[in-house]
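Examination of the molecular architecture
One-letter residues, chain by chain:
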Amino acid sequence: MSGELELITDGAARDNQHAHRRRAGIGYLIVDESDILTEGSEFLGQGKAYTNNYAEYRAAECGVEVIISNHRPKDINLLILSDSQLMVKQLRGDWDTNDDTLQRLRARLVDSLQEFSNWSVSHRSESDDDRIERADSLAGRAIETELD
């Protein structure tokens, strides 16, 4: 496969007011033109480290890993769409990444993205793009499923 792919991502964290009970999950969609090729979700875990920003980065990282495993990234122009303005601006280099954990996640993600022919990242909100809403739903479902 060559051409363009979109990776639509979202991370979610619940119970943020109680760090020890905080739970996080991710959702992503991989889209070729208008067709959803793959969608996925995953429960990340529970505890202080599982912040929303952590989940946002992990959603992008997991989606990129799936694309690399199933396609030839050197032939792909990848557009990542996320509702996380923080992650988008940090990946673009517009904002500093001060948190040690996010610095490591950002570095790992940028390293993986170097395998692609070209990549870019863009901010979208759920009101702009119903695929962001779908990724959010997948992330939320990952968290809720783990509670069952």
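First, a word on what this report is: a plain description of the structure on this page. (Residues numbered from 1 in each chain as written. Predicted model: local features only at pLDDT ≥ 70, side-chain atom pairs only at ≥ 80, totals over all residues. Heavy atoms only, no water.)

1. Notes on helix α2 (residues 85-92)
Operational definition: Only protein chains enter the accessibility calculation, which uses a 1.4 Å probe; a residue is then buried when its area is under 20% of its type maximum, exposed when over 50%, and partly exposed in between. Helix numbers and strand numbers start at the N terminus; a helix is a DSSP run of H or I with at least 4 residues, a strand a run of E with at least 2. We call two residues contacting when some pair of their heavy atoms lies within 4.5 Å.
Residues M87, V88, Q90 and L91 constitute the buried set of α2. Where the residues of α2 are buried, they touch β1 (3-14), α1 (52-70), β4 (76-82), α3 (100-113) and β5 (118-123). G93 sits one or two residues past α2 and shows a positive phi near 85°.

2. Observations regarding the side chain of R23
Convention followed: Polar contact criterion, stated in full: a pair of N or O atoms within 3.5 Å, where within protein one must be able to donate a hydrogen and the other to accept it, and residues adjacent in sequence count only if both atoms are side-chain atoms.
Assignment of secondary structure puts R23 in strand β2 (residues 23-32). Of the polar contacts made by the side chain of R23, one reaches the side chain of D15; its length is 2.5 Å.

3. Structural notes on the pairing of β1
Quick note on the threshold: Paired strands are those between which DSSP finds at least two bridges.
Across seven bridges, the pairing between β1 and β4 is parallel. Looking across to β4, one finds that L5 is bridged to L78. Two strands pair when backbone bridges link them, and β1 and β2 are joined in this way by nine bridges, in the antiparallel orientation. Residue pairing for β2: L7 is matched across the bridge by I30.

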